[in-house]
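Report on the structure
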Amino acid sequence: MPVTKSSRGILAEDMHEERGRIVEMLSRAYWMEIETVINYLSCSTNPDGVRAQEVIESLRRDVQEELGHATQFATRIKELYGVVPGSLEFEADQSYLQPPERQSDVAHVIEGVIAAETGAIDFYNEIIEATDESDPVTNDMVIAILRDEEGHRRLFEGFLREYEEERSRT
């Protein structure tokens with residue numbers, strides 16, 4: 001029995017090139033989330049200090065959420081007839097989220113998280129713009145993920161304000 005392709009929407013045969021472009025963007029988003037999981041795992045394990053506990057607990061919750069985002073991106077790549085990339089295609093990019101020299105430097109971790117979330121927010125807005133007319137399913141999915149990332153950034157901006165106030169008092 002021959003496979004019947006859709007004649008409309010992003011799965012239509014004549015949308016092959018657009019699908020490929022979207023799959024490339026989703027693959028990049030997938031790797032961003034995977035790298036964030038790696039770095040949030042180390043950032044939720046390495047810090048020392050009583051004041052670090054709230055940041056550690058938040059990052060541990062975020063690891064699961066970011067992994068969920070990566071899974072959503074992977075699933076959508078497959079649905080668009082793409083291939084989810086394997087580890088040999090991974091290229092690390094998040095220099096700002098590397099462990100600080102002093103494990104008590106929680107502000108460094110917070111600033112790294114804000115940078116990671118800001119990068120995700122910027123790129124996910126690009127995906128939303130790119131899929132606005134051609135792929136409403138990907139568009140809706142990325143809008144929902146964007147909301148999570150904006151919430152993460154806002155939370156860590158609050159943590160940073162608290163740390164900056166503490167610094168100014170000393």
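All of these numbers come straight from a predicted model, not from anything done at the bench. (Residues numbered from 1 in each chain as written. Predicted model: local features only at pLDDT ≥ 70, side-chain atom pairs only at ≥ 80, totals over all residues. Heavy atoms only, no water.)

The next point concerns the overall build of the protein. Counting its secondary structure elements, the protein contains four helices and zero strands. Tracing the protein from N to C terminus, the helices and strands come up as α-α-α-α. Summarising its shape, the C-alpha atoms of the protein cover approximately 70 × 30 × 20 Å along the three principal directions. The burial tally for the protein puts 43% of its 170 residues in the buried class. Excluding contacts between residues fewer than 6 apart, the proportion of contacts in the protein whose partners are at least 24 apart in sequence is 75%. When the accessible surface of the protein is totalled, it reaches about 10000 Å², and 51% of it is carbon and sulfur. Counting 17 positive and 36 negative side-chain charges, the protein places the averaged centre of each group 3 Å from the other. (Helix = DSSP H or I, 4+ residues; strand = E, 2+ residues; numbered from the N terminus. Buried < 20%, exposed > 50% of the residue type's maximum accessible area, 1.4 Å probe, protein only. Contact = heavy atoms within 4.5 Å. Areas by Shrake-Rupley, 256 points an atom, 1.4 Å probe, with all protein chains shown as cover. Lys, Arg positive; Asp, Glu negative; His and termini not counted. Charge placed at Lys NZ, Arg CZ, Asp CG, Glu CD.)

Now for a negative patch on the surface. Taken together, D122, E126, E129, D132 and E133 make up a surface patch of like negative charges. Assignment of secondary structure puts E129 in helix 3 (residues 106–131). (Patch = residues over 30% accessible without salt bridge, like charges linked within 9 Å, V, L, I, M, F, W, Y side chains within 5 Å. Salt bridge = Lys/Arg side-chain N within 4 Å of Asp/Glu carboxyl O.)

The subject of this paragraph is the layout of surface pockets. Taken as a whole, the largest pocket spans an internal volume of roughly 270 Å³. Forming the boundary of the largest pocket are 19 residues, of which R28, M32, E35, D93 and Q94 lie nearest the centre. Those elements that provide at least two residues to the lining of the largest pocket are helix 1 (16–43) and helix 3. Partitioning the lining of the largest pocket into residue classes produces eight nonpolar, three polar and eight charged. (1 Å grid on protein atoms, 1.4 Å probe; cavity = no way out; pocket = protein on both sides within 12 Å on 5 of 7 lines; lining within 4 Å. Points joined across faces, edges and corners; volume = space filled by probe spheres on them. Nonpolar A, V, L, I, M, F, W, Y, C, P; charged D, E, K, R; others polar.)

Within the secondary structure layout, G112 lies in helix 3. Since its relative accessible area comes to 2%, G112 is described here as buried.

A few words on the side chain of S44. In this fold, S44 is placed in the loop between helix 1 and helix 2 (53–79). For S44, a relative accessible area of 2% gives the class buried.

What follows deals with the packing of helix 2 against helix 3. Axis separation between helix 2 and helix 3 bottoms out at 13 Å; the angle between their running directions is 25 degrees. With respect to helix 3, the element helix 2 is oriented roughly parallel. Once helix 2 is placed against helix 3, the crossing between them reads as left-handed. In this structure, helix 2 uses V55, L59, E66 and F73 to contact helix 3, whose residues at the interface are V106, V109, I110, V113, E117 and Y124. Of the residues in the contact of helix 2 with helix 3, the class split is eight nonpolar, no polar and two charged. (Axes fitted to C-alpha atoms, helices over the stretch in contact; angles between N-to-C directions. Parallel < 35°, antiparallel > 145°, perpendicular 65-115°, else oblique. Left-handed = near helix turned anticlockwise from the far one by under 90°.)

Attention now moves to the pattern of salt bridges. Taken as a whole and assessed by the stated rule, the structure comprises six salt bridges. Residue R76 pairs with D135 through a salt bridge whose shortest N-O separation is 2.8 Å. Remark: D135 occurs in the loop between helix 3 and helix 4 (136–169) and R76 occurs in helix 2; sequence separation between them is 59 residues. This pair shows no difference in class: R76 is buried, exactly as D135 is. Where E157 meets R153, a salt bridge forms, and the shortest distance between an N and an O atom there is 3.5 Å. Placement of the pair is E157 and R153 together in helix 4, with a separation of four residues, close to one helical turn. Overlapping salt bridges bring together R76, E79 and D135 as one network.

Right, let's talk about the nonpolar core for a bit. With 25 residues, the main nonpolar core has L26, Y30, F73, F123, Y124, I127 and V142 as its most contacted residues. Mapped by element, the contributors of at least two residues to this core are helix 1, helix 2, helix 3 and helix 4. No other element matches helix 1, which puts eight residues into this core. In this structure, V142 is in contact with F73, Y124, I127 and I128, ignoring residues within four places of it in sequence. Of all hydrophobic cores here, the second largest spans 19 residues; its members include I56, A116, F156 and Y163. (Core = buried A, V, L, I, M, F, W, Y, C linked by side-chain atoms within 4.5 Å.)

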